[in-house]
Amino acid sequence: MSPLGARPLDEDVPVIDRRRAEAYLRAGLWREERIADLLREARLRHPDRLAVVSGTTRLTHGELHTAVTAAGRRLEGLGVRAGDRVVVQLPNRAEFVVLVLALLDIGAPPVLVLPGFGDYELGHVVRAARPVAIAVSAGGRAANPVESARRLRTEHEFLGHVLSLGDIGADDVDLAALCDPAGPWDGPVGPAVVSARPPRPSALTDAAVFLLSGGTTGPPKVIPRGDAGYAYMVRTACGIAGVSHDTVYLAVMPAAHGFVLNCPGVLGTLAQGGTVVLGDTTDPRQALAQIERERVTHCALVPTVAMQWLAAADRAAADLSSLRVLQTGGARPTPELARRIGPVLGATLQQCYGMSEGLLCYTALDDRETVIVETQGRPASPMDEVLIVDEHGRPVPDGGTGELLTRGPYTVAGYYRDPAATAKAFTPDGFYRTGDLATRTPGGALVVNGRVRDIINRGGEKIPAEDLEMAVARHPGVRASAAVGAPHELYGETVCLYVVPETGREPTLLELRRFLRGLGLAVWKLPERVEVVAQLPTTAIGKIDKKALRADLARRTALEA
Ligand code: AMP
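Residues numbered from 1 in each chain as written. Predicted model: local features only at pLDDT ≥ 70, side-chain atom pairs only at ≥ 80, totals over all residues. Heavy atoms only, no water.

Trainee: Tell me about the confidence of the model for the protein chain, and name the residues and values.
Mentor: Overall, the predicted model of the protein chain reaches an average pLDDT of 91, with 94% of residues at or above 70. This stretch, residues 195-199, has a pLDDT under 50; its non-local contacts, to residues over four places away or in other chains, come to five contacts. (pLDDT = per-residue confidence, 0-100. Contact = heavy atoms within 4.5 Å.)

Okay, here's the thing in structure tokens:
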């Protein structure tokens, strides 16, 4: 039987159409392999090499394998089965790695939620993904995530377990114990030794992991990443970034984000038998010291953090000679910043542009300096298809700017159980509408120039304006509001909120921030500037004229300067 003959495990996952899938198989890009297989083979091949460093914890690949296998069996003992989803909202700690790898092993896709997401985002993801368990850690964001998870467990019957780090209630599962093969575990244990199981008929299109969208409007969408495409993408990224068994990859940004997890990131490094160092701060002094201490070779940063590191590296006495590759992504660095990274950090800059839905572009490590500094790279796969189109969906002439549409061997065909969002974000023939404006250089590299969609990019954190405006609308003192990006030296842009107040009320910035926090919005979505106006300008067809608001904001800022 063709490996594509079998029905996908979960019918709610939109799959790439059969003709294209067969072409990826024929071209040898897709293999009958799961990301879990790549990771397990590396653990078995390099048992004595260091795999994970987190605080005082140091695990070899052999020790990691023992922990992952034990955690997988314990999860099975708790009733977690192949195809079940488990939400993971954890900081960069060893337990994150052990849990994610164990879930991959037993075929229960982790749904990766950024630690900074608040109740609003978490609640939405839980309703959309219907997980059987949720893993959280005490501390981190202002509202206690463990409390939030317990509340969600009482609200949703499908949510059976709260796996908790640091604050373990009577009904919670102790996640540290679950991840520690030598630790006390009096819970049930599953029977299966995962690696001894016969392979399922088809692992190709089953979801391996679920990432969350950053580039769409509205609350985060759940993205089911098919196993064969995901494994192919991680394998390919390792080659492009020069990641091998002697790589030491430092993760300081949240490992739950695709850029850090799989570009090639934490998963790619582990799949090569390399070492992942988990940092919990982007603070330049501490991170640079960690690079020196662990002889870090690779790291991935958003441009705003890279900028802070450059300023600190100029003064730091840290020995950064081990650092070979610094990736930037999530937002576009200015050419000035990009130009300084190589000389100041002594590493090759690799620009990365991509999205949780799929497409990844990279500059090559041996590209000319102008390509590395001025472009966001080329698509990772020869079978990535990229179209640049005008507002009517027609291709723009070579060198022109338009919206970037893409499909390919590792770009998904839609969102999980969300046909309406899928229909909006994907064309009928399966191209994802990125919402990004881009230009292609004659050499085939892409330059990202802006966005079609109304999203504010605060140093790589995406804030859908509409989402924020809907939350603001619930404030009793607000009649109407519109969020626009205010240019910012460090973050690129921050949120400026234009507000039309109810008569007799004039909500202040502080009041609005408190109100939005109270609704559970992530901290980075909060406005940093409020402009109270009598009315919002509108376009000819009556839509709020954001262009006019941006121009107004520029005028106000110029007057203040
Ligand atoms: P996410 O799904 O969170 O990774 O967000 C994807 C979006 O981030 C893209 O659609 C872009 O809008 C933006 N993005 C990612 N990398 C870059 C980059 N190198 N330059 C400009 N924008 C980027």
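On we go from here.
Trainee: How would you explain the nonpolar core if you had to name every residue and give the values?
Mentor: Counting 159 residues, the largest nonpolar core has L64, F96, L99, I134, L178, L270 and W309 as its most contacted members. Once you skip the residues sitting within four places of it in the chain, F96 turns out to touch V88, L90, P91, L112, A255, A256 and L261. Counting residues in each nonpolar core, the second largest holds 10 residues, with V484, A486, V500 and L549 among its members. (Core = buried A, V, L, I, M, F, W, Y, C linked by side-chain atoms within 4.5 Å. Buried < 20%, exposed > 50% of the residue type's maximum accessible area, 1.4 Å probe, protein only.)

Trainee: If you had to explain helix α3 (residues 61-77) to someone new, which residues and values would you point to?
Mentor: A rise of 1.5 Å per residue sets the reference length of α3, with its 17 residues, at 24 Å; its end C-alpha atoms lie 24 Å apart and thus fit the reference within 8%. Among the 17 residues in α3, 12 count as buried, and that is most of the element. Along α3, the residues that are buried comprise H61, G62, L64, H65, A67, V68, A70, A71, G72, R74, L75 and E76. In the segment just after α3, G79 is the residue with positive phi, at about 100 degrees. (Helix = DSSP H or I, 4+ residues; strand = E, 2+ residues; numbered from the N terminus. Expected span 1.5 Å × (residues − 1).)

Trainee: Could you give me a rundown of the state of the cysteines, with the residues and numbers involved?
Mentor: The full count for this structure, using the stated rule, is zero disulfides. Take C263: it sits in no disulfide, and the sulfur closest to it among the cysteines is that of C352, at 6.4 Å. Since its relative accessible area comes to 4%, C263 is described here as buried. (Disulfide = S-S within 2.5 Å.)

Trainee: Run through the environment of G518, naming residues and quoting values.
Mentor: With respect to the helices, strands and loops of the structure, G518 is situated in helix α17 (residues 509-518). Each C-alpha atom of the pair G518 and Y120 lies 9.6 Å from the other, and the pair is 398 residues apart in sequence.

Trainee: Help me get a handle on the site of the ligand, residues and values and all.
Mentor: Residues in contact with the ligand amount to 14 residues; listed here are only the nearest, H257, C352, S356, D436 and K462. One of the side-chain N or O atoms of S356 is found 2.8 Å from an oxygen atom in the ligand. Side-chain polar atom of K462 to an oxygen atom of the ligand: 3.1 Å apart, as the coordinates give it. Within the complex, the protein chains bury 93% of what would otherwise be the 490 Å² of accessible surface of the ligand. For the shell around the ligand, the per-class residue count stands at five nonpolar, six polar and three charged. (Near = heavy atom within 4 Å. Polar contact = N/O pair within 3.5 Å; in protein donor to acceptor, adjacent residues only side chain to side chain. Areas by Shrake-Rupley, 256 points an atom, 1.4 Å probe, with all protein chains shown as cover. Nonpolar A, V, L, I, M, F, W, Y, C, P; charged D, E, K, R; others polar.)

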